[in-house]
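Observations on chain architecture
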Amino acid sequence: MATKAIESNYQKRALPWATIGKIALLLFFILFLAVPTYNILLQMIANPQLLLRQLIIGLTNGAYIALIALGYTLVYGIVELINFAHGDVYMLGAFFSLSLVGLFHLNEDTPMGVRIPLILLILFLTMFATAMLNAFIERFAYRRLRNAPKLAPLISALGVSFVLQNVGLLWGYLRLPAFNGVMGTNAVAPKSFPGLLPNTNVLAPLQDVFGKGFTLRLSVRDLVVIIVSVVLLIALYLFVQRTKIGKAMRATAQDRDAAALMGIDVNRTISLAFLLGGALAGAAGFLVGMYNGTVVYTNGFTAGLRSFTAAVLGGIGNIMGAMLGGLLIGLISALSDQYISAKWTNAVVFGLLVLILVFRPTGLLGDDVQQKA
């Protein structure tokens, strides 16, 4: 009895160190960032058109980051594997699409009536190729390790990432005449995409209304990346939520053994998750190639890191969370590039990620298990 009384008194006196730590961390960020944040707000108010332009850039970048992040979240939601090779699948998608661009003699001089159908064809072929590549990786590198300790498939994913990165490096050596010189002369140098999407400002007519002081730009490139990404994101969401196969994916994500007992082919369902993730990564590779105009074999690391961060920020395993996380990462990066400095962007993004995860360890939408893929 005496011992229980002592323990009870000790519990009553115990300080909530976790809460105190969170409050201290929040105060540190507020005090440390109060003055810079105030100055940034003044700059935003002084030039709202520049702010809107950065928001457009952030939305465009966030759209393709969300596409890649969905591949991470789909796979983690079903097999709880962090597929570090996913960013490199995105990079190979960009290389594959660039090769097709050279193969079809596609460039900025190609008439629009021919260019648009060929761009759509390359988009679908790239999505198909990267989907098959991702499914192939799952079948031969990850499936055999499904019941192994979690460290084994994790290391395997890292190994596959390095292999794919070197495949991208070797791809740069391909100087086949059919590619029409799109690989350039230096294997390790960035490869240039031709300007397939016009850089025309669709808001130019508004200058007649608001005068020459209206400098806001929204190019056709921005619109294409945003529209295609949003269409693919909505299509994936509806596929997972409304179709029988999507229901099987969600059931497998909730309880793999129970799903198998209910007659669901678990292996096929997991392969489908890799197929979908790979297809979205390929689409992102082609879109980013056309948007930025270059691709290099190391692109997969940076894009994969930011996309994985977006998936964690939104709540890894959650489709809506990956979309939200991608958009937030894109917006934060664009604002940081403009109002702080590009060299501080990674520190800002990951600092905010740490701060959010301290208060929401499962991510912004991590508790919404109904949306889990």
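Scroll up for the structure.
**Observations regarding the overall build of the protein**
- Within the protein, the regular secondary structure consists of 14 helices and 2 strands.
- Referenced to the eigenvectors of the C-alpha coordinate spread, the extents of the protein come out at roughly 90 × 60 × 40 Å.
- Counting the 373 residues in the protein, one finds 44% classified as buried.
- Taking as baseline every contact in the protein between residues at least 6 positions apart, the subset at least 24 positions apart corresponds to 75%.
- Across the protein, the centroid of the 26 positively charged side chains sits 3 Å from that of the 14 negatively charged ones.

**Re unusual backbone geometry**
- The phi dihedral of E80 falls on the positive side, at around 55°, and the residue is not glycine.
- Note on E80: relative accessible area 40%, which makes it partly exposed.
- With a phi close to 55°, H105 is a non-glycine residue in the positive phi region.
- Of note, H105 is situated in the loop between α4 (86-103) and α5 (112-142).
- Look at H105 and you get exposed, because its relative accessible area is 54%.

**Notes on a nonpolar patch on the surface**
- Taken together, the side chains of I23, L26, L27, I30, L31 and F359 present a nonpolar region at the surface, about 570 Å² in accessible area.
- Position of L31 among the secondary structure elements: in helix α2 (residues 17-46).

**Details of helix α6 (residues 151-171)**
- With 21 residues, α6 ought to run about 30 Å at 1.5 Å a step, and its terminal C-alpha atoms sit 30 Å apart, in line with that.
- Against the buried residues of α6 lie α4 and α5.

**Overview of the side chain of S97**
- For S97, the position within the fold is in helix α4.
- Of the residues examined, S97 reaches a relative accessible area of 0% and is grouped as buried.
- One polar contact links the side chain of S97 to the main-chain carbonyl oxygen of A94, over a distance of 2.8 Å.
- Apart from residues lying up to four places away in sequence, S97 is in contact with I122, T126, F193 and F286.

**Quick notes on the packing of helix α3 (residues 48-79) against helix α13 (residues 319-339)**
- At their nearest, the axes of α3 and α13 sit 6 Å apart, and the two run at 145° to each other. In this structure, α3 crosses over α13, and the sense of that crossing is right-handed.
- Grouping the constituent residues of the contact of α3 with α13 by class yields 20 nonpolar, 8 polar and no charged.

**Thoughts on the packing of α3 against helix α11 (residues 266-292)**
- Where α3 meets α11, the closest approach of the two axes is 9 Å, and the angle between their N-to-C directions is 165°. Viewed along their axes, α3 and α11 adopt a mutual orientation that is roughly antiparallel. Between α3 and α11 lies a crossing of left-handed hand. Between α3, through T60, N61, Y64, L67, I68, L70, G71, L74, V75, I78 and V79, and α11, the contact on the second element is made entirely by T269, I270, A273, F274, L276, G277, L280, A284, L287, V288 and Y291.
- Along the lines of polarity and charge, the residues of the contact of α3 with α11 split into 17 nonpolar, 5 polar and no charged.

Conventions we followed
- Positions within a chain are numbered from 1, following the residues in the order the chain's sequence is written.
- Two thresholds apply to this predicted model, a pLDDT of at least 70 for residue-level local features and 80 or more for giving and counting side-chain atom pairs, whereas whole-chain, interface and lining totals are computed over all residues.
- Side-chain measures here rest on the full set of heavy atoms in the structure, leaving out hydrogens and waters.
- Every helix listed is a DSSP run of H or I at least four residues long, and every strand listed is a run of E at least two residues long, numbered separately from the N terminus.
- Burial status follows relative accessibility: with a 1.4 Å probe on protein chains alone, a residue under 20% of its type maximum counts as buried, one over 50% as exposed, and anything between as partly exposed.
- Throughout, a residue-residue contact means that at least one pair of heavy atoms, one from each residue, lies within 4.5 Å.
- Neither His nor the chain termini are counted; the positive set is Lys and Arg, and the negative set is Asp and Glu.
- Throughout, a charge is located at the NZ atom of Lys, the CZ atom of Arg, the CG atom of Asp or the CD atom of Glu.
- The residues that make up patches have over 30% relative accessible area and no salt bridge, and they are joined within 9 Å when like-charged or within 5 Å when they are Val, Leu, Ile, Met, Phe, Trp or Tyr.
- All accessible-area figures derive from a Shrake-Rupley calculation using a 1.4 Å probe, and residue coverage is judged against the displayed protein chains alone.
- Should a side-chain nitrogen of Lys or Arg be within 4 Å of a carboxyl oxygen of Asp or Glu, the pair is scored as a salt bridge.
- By this rule the span expected of a helix is its residue count minus one, scaled by 1.5 Å.
- Pairing of N or O atoms within 3.5 Å defines a polar contact, subject to two protein rules: one partner must be a possible hydrogen donor and the other a possible acceptor, and residues neighboring in sequence count only if both atoms are side-chain atoms.
- Only the stretch in contact is used when a helix axis is fitted, and all axes are lines through C-alpha atoms; the angle between N-to-C directions ranges over 0 to 180 degrees.
- Each crossing gets its handedness from the near helix: less than a right angle anticlockwise from the far helix is left-handed, clockwise is right-handed.
- Residue polarity is assigned by list, with Asp, Glu, Lys and Arg as charged and Ala, Val, Leu, Ile, Met, Phe, Trp, Tyr, Cys and Pro as nonpolar; anything else, Gly included, falls into the polar class.
- Each angle is binned into one of four classes, with values under 35 degrees roughly parallel, values over 145 roughly antiparallel, values of 65 to 115 roughly perpendicular, and all other values oblique.

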